[in-house]
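Chain by chain, the residues run as shown.
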Amino acid sequence: MACKAPEQNKKKSPEKQRRTKVTLKDLRYVYENAPIAIAILDRSGSIIQTNAKWRADDWETLWGTCINKDDGAADILQNSFAQALNGEIEQQRTTILTATDGVKKAARWVLHPWKDASDAVVGAMLFVENVTRETEASRLAEERNIILDAVLENVGQAILACDAQGKLTYVNGRGSELVAAQGVKAATSREAIRQITFFEQDGKTPYKESRLPLSKALTGVPVSREEMVLKNAENEKTVFEATAKSICDERGRVTGAVVSLYDVSDQRERERKLRRSEAEARRIAFTDALTGFPNRVSLQRTLEHDLAELCKPGEKLLVISADIARFKTINAIHGNKVGDRLLAETADRMAGIAGARAIVGRLSGDEFLLLVPVDPADPYSVTEKLCTIMNGQQVISGHLLTVQLHAGTALWPDDGEDGNTLLRRADVARQHVKTQNGQSLRHFDPKLEADASRQLKIEQDLAKAMKQNEFSVVYQPIVDAMSSEVEGFEALCRWNHPKLGFIPPDVFIHAAEQTGDILDLGEWMLRR
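Before going into details, it helps to say that this report is about the structure given with it. (Residues numbered from 1 in each chain as written. Predicted model: local features only at pLDDT ≥ 70, side-chain atom pairs only at ≥ 80, totals over all residues. Heavy atoms only, no water.)

### Quick notes on the sheet that holds strand β18 (residues 471-479)
And step 1. Here we have three strands laid out as an open sheet, ordered β18-β19-β20, and antiparallel in their pairing. One side of each edge strand has no neighbouring strand; the edge strands of this open sheet are β18 and β20 (501-503). Ignoring strand direction, the axes of neighbouring strands in this sheet form an average angle of 40°.
And step 2. Packing against the sheet, helix α17 (residues 505-515) makes contact with β18, β19 (486-497) and β20, and its axis sits at approximately 75° to β19.
And step 3. Docked against the sheet, helix α18 (residues 518-527) engages β18 and β19, running at close to 70° with respect to β18. (Pairing = 2+ DSSP bridges. Helix = DSSP H or I, 4+ residues; strand = E, 2+ residues; numbered from the N terminus. Axes fitted to C-alpha atoms, helices over the stretch in contact; angles between N-to-C directions. Contact = heavy atoms within 4.5 Å.)

### A closer look at the sheet that holds strand β17 (residues 441-443)
And step 1. Strand order in this open sheet of five strands is β12-β13-β11-β16-β17, and the pairing throughout is mixed. The open sheet terminates on both sides in strands that have one partner only, identified here as β12 (359-364) and β17. Averaged over neighbouring strand pairs, the angle between their axes works out to 20° when direction is ignored.
And step 2. Inspection of the sheet shows strand β11 (residues 316-324) paired to strand β13 (residues 367-374) by seven bridges, in the antiparallel sense.

### Brief notes about the nonpolar core
And step 1. The biggest cluster of nonpolar side chains holds 31 residues, and the ones touching the most others in it are Ile324, Leu342, Met350, Leu370 and Val372.
And step 2. Elements that contribute at least two residues to this core include exactly β11, α12 (327-334), α13 (336-354), β13, α14 (381-390), β15 (399-403) and β16 (405-412).
And step 3. By residue number, the principal contributor to this core is α13, which donates seven residues.
And step 4. Among all residues touching Leu342, those that are not within four sequence positions of it are Ile324, Phe327, Ile330, Gln394, Ile396, Leu401 and Val403. (Core = buried A, V, L, I, M, F, W, Y, C linked by side-chain atoms within 4.5 Å. Buried < 20%, exposed > 50% of the residue type's maximum accessible area, 1.4 Å probe, protein only.)

### Quick look at the packing of α13 against α14
And step 1. In contact at an axis separation of 10 Å, α13 and α14 are set at 140° when each is read in the N-to-C sense. Regarding the angle of α13 to α14, the classification is oblique. In the crossing of α13 with α14, the sense of the turn from one axis to the other is right-handed. Between α13 and α14, the residues in contact are Thr346, Arg349, Met350, Ile353 and Ala354 and Val382, Lys385, Leu386, Ile389 and Met390, respectively.
And step 2. Broken down by class, the residue content of the contact of α13 with α14 amounts to seven nonpolar, one polar and two charged. (Parallel < 35°, antiparallel > 145°, perpendicular 65-115°, else oblique. Left-handed = near helix turned anticlockwise from the far one by under 90°. Nonpolar A, V, L, I, M, F, W, Y, C, P; charged D, E, K, R; others polar.)

### Some words on unusual backbone geometry
And step 1. The omega torsion of the bond from Trp412 to Pro413 falls at 5°, within 30 degrees of zero and hence cis.
And step 2. Positive phi, normally seen in glycine, also occurs at Ser397, with a value near 50°.
And step 3. Within the secondary structure layout, Ser397 lies in the loop between β14 (392-396) and β15.

### Some thoughts on the layout of surface pockets
And step 1. Of the volumes computed, that of the largest pocket is approximately 680 Å³.
And step 2. In terms of lining, the largest pocket is formed by 19 residues, of which the most central are Gln431, Thr435, Ala452, Gln455 and His510.
And step 3. For the lining of the largest pocket, the secondary structure elements donating two or more residues are α15 (419-434), α16 (446-467) and α17.
And step 4. Per-class residue counts for the lining of the largest pocket are six nonpolar, seven polar and six charged.
And step 5. As a volume, the second largest pocket reaches approximately 290 Å³.
And step 6. The wall of the second largest pocket is formed by Leu24, Leu27, Arg28, Val30, Tyr31, Ala34, Ile38, Ile40, Gln49, Trp114 and Met125.
And step 7. Secondary-structure elements contributing two or more residues to the lining of the second largest pocket are α2 (24-33) and β1 (37-42).
And step 8. Per-element accounting of the lining of the second largest pocket gives the leading share, five residues, to α2.
And step 9. A breakdown of the residues in the lining of the second largest pocket according to their chemical character gives nine nonpolar, one polar and one charged. (1 Å grid on protein atoms, 1.4 Å probe; cavity = no way out; pocket = protein on both sides within 12 Å on 5 of 7 lines; lining within 4 Å. Points joined across faces, edges and corners; volume = space filled by probe spheres on them.)

### Looking at the pattern of salt bridges
And step 1. Using the criterion set out here, one finds 27 salt bridges in the structure.
And step 2. Residue Asp119 is joined to Lys115 by a salt bridge in which the shortest nitrogen-to-oxygen separation is 3.6 Å.
And step 3. On the basis of relative accessible area, Lys115 is assigned to the partly exposed category, the value being 39%.
And step 4. Between Arg253 and Asp249 there is a salt bridge whose closest N-O contact spans 2.9 Å. (Salt bridge = Lys/Arg side-chain N within 4 Å of Asp/Glu carboxyl O.)

### Here we look at helix α11 (residues 296-304)
And step 1. Restricting attention to buried positions, one finds in α11 the residues Ser298, Leu299, Thr302 and Leu303. End-on view of α11: buried residues confined to an arc of 135°, all on one side of the axis.
And step 2. Where the residues of α11 are buried, they touch α10 (265-286), β12, β13 and α15.
And step 3. For α11, the capping residue at the N-terminal end is Asn295, with a side-chain oxygen 3.2 Å from the backbone nitrogen of Val297. (Arc of directions from axis to C-beta. Polar contact = N/O pair within 3.5 Å; in protein donor to acceptor, adjacent residues only side chain to side chain.)

### Notes on the pairing of β14
And step 1. Examined bridge by bridge, β14 and β15 share five bridges and lie antiparallel to one another. Each bridged residue has a counterpart across the sheet, and for Val395 the counterpart in β15 is Leu400.
And step 2. The antiparallel pairing of β14 with β15 creates a hairpin that spans two residues between the two strands, and Ser397 there sits at a positive phi of about 50°.

### Quick notes on the side chain of Asp415
And step 1. Topologically, Asp415 is positioned in the loop between β16 and α15.
And step 2. Nearest to the buried, unbridged Asp415 among oppositely charged side chains is Arg425, at 6.1 Å. (Lys, Arg positive; Asp, Glu negative; His and termini not counted.)

### With respect to the environment of Gln165
And step 1. Considering the arrangement of structural elements, one finds Gln165 in the loop between β6 (158-163) and β7 (168-171).
And step 2. Each C-alpha atom, one on Gln165 and one on Ala257, is 10.0 Å from the other, the two residues being 92 residues apart in sequence.

Structure representation (C-alpha cells):
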C-alpha cells in the first residue's frame, strides 16, 4: 500500500508564492530594460513615456510627435495609430526616418493598443527596433545581386546551377540559348543531361552521364577546363570548355553545383590554323623546294643530334656525300629545267635505293647527303649499289644524259663520333674521287685527310710563292732522235716549297688550275 504524502507537502510555501507572482515593479523593470525601444502615446499621439532603449537610441529626435507631421512616414504611422486606437494590431513595418540633421535610420516598428484597467483604449504602445545595419546590409546585398545578375547575363559562358537533387536553380541567358538550341525543355539538370548529348574531343564518342561535369560536381569532384563537344541539327560542332564546382553549406555538405560552359570553338580553330601555319613554316624552313627532301638546315640539325638515335642496337651509320659529275655542263647545255629535273629524279632514286630508314637530303647545288643505318658486317654495299644503279644513261625531260655520281663515305663511329666530322671526312673522300678519272666511289681513310690538308696548303701558298720567287725554271733539251742534234729547249717549272719541299709539277699545276692562278703562273714563266 502506497504511502500518502503529508497534506502540507502539497501546499506552496509563502516564499514560492511570492516569487511566482509578477508585480508592477517587475513589469516596470522589464519595460525599462527591454532590448527594443518602447514609447507610450496618449490618444492625441503625444509621447508620454519611453524606456531606456528609446532614449539611448535617440528615437525622440526622429519620431518625436511625427504623428502630427505631414509626410509619408507620418501617414503610415497615423494609419497604424488610428487602427491601434480602434484596438487593432497592424503588421510590423520598416520605415526609413530622417532626422533634422540629415541622419537616416531604419526602424522596424509596430503599434499596439494601450488599455486601462477597464479595457478601454487610452493610447498606444510603439515598439521600435533599430534595423539600420540590417537594412543597409540588405540594400548592399541587393545591389550586389543586381550587379551579379548583370554580369552573369552578359558573360560569354553558359552558366547553370542546380540543387543537390539536380533541379535547376539558375540558368543565365547564354545557358538558356544553349539549352534551347539543343531542344531541351527539361525541368531538372539530370533530365537536361539525358537530353543533351555531349561528345568527347573527337566529336564522335558520347560522354557518359557519370562523367559529365555537373554530375561530378554533385559528387564533390571539381572539374577544371574540360573540353566537350556539342553538335547542332546540322551536325556542326561547337567545342566547350567546362568548369564545374560543388556548392556546399557551412558543414561542407554538397547542396548543389554550378557549371560554366565557355565556347572555345573559334579559339581552337585559330590554334589549329596557327599549328598548320607553324608546320608549314617548319616544312619550308627544313625542306628543299626543288626536291622535296630535307635541306641543308634540316640535315645540319640531324647531324648535330645523337647519331645513335638513327640506328638500331648493333648498327652503324654510313654518311654518304655525293654529287653529279659534270652537272654544270649538263645545266649549261640543256638548261635549268633539265638540270632541276635531273636533281629531283636523282634524289628520288637515291631515296629508293637507300631504303625507308635512310635520310636523304640536298645540301646545295648538285651535292647530296645520305645517312644510312648499315650492318657492320657489310657497311659499304649500299654505296656500291647506289653508284652501280645511278651511273649510266638516263632520259631526263626527253634528253638522253650520261650520269655519273661522285660519292665519298665515312662510317660512324669508326671515322668520327660527331656528324660534322663525318660529313667533312665524307666530303674529303668525295673530293678525292673527283681528281681520279673514271673513279666514282671512295671510302674515307686518314691519308686522304692528310693529302687534302696538304693540297689546301699548296693552293693557299701558290700566289705567295710567285711573289717570293719560290718557283724556278729548268730547261730540258729537245733532241732529234735520228741526228742526235739539239733542236731546242723545253722550259719546265719547278717549286721547292720552304716547308713541304719539292712539289711535283702535276700537283701544283692542278692546284693552280683549281684556284685560277694558272694564267699568272704562265706569265711568270714567260718573264723568266
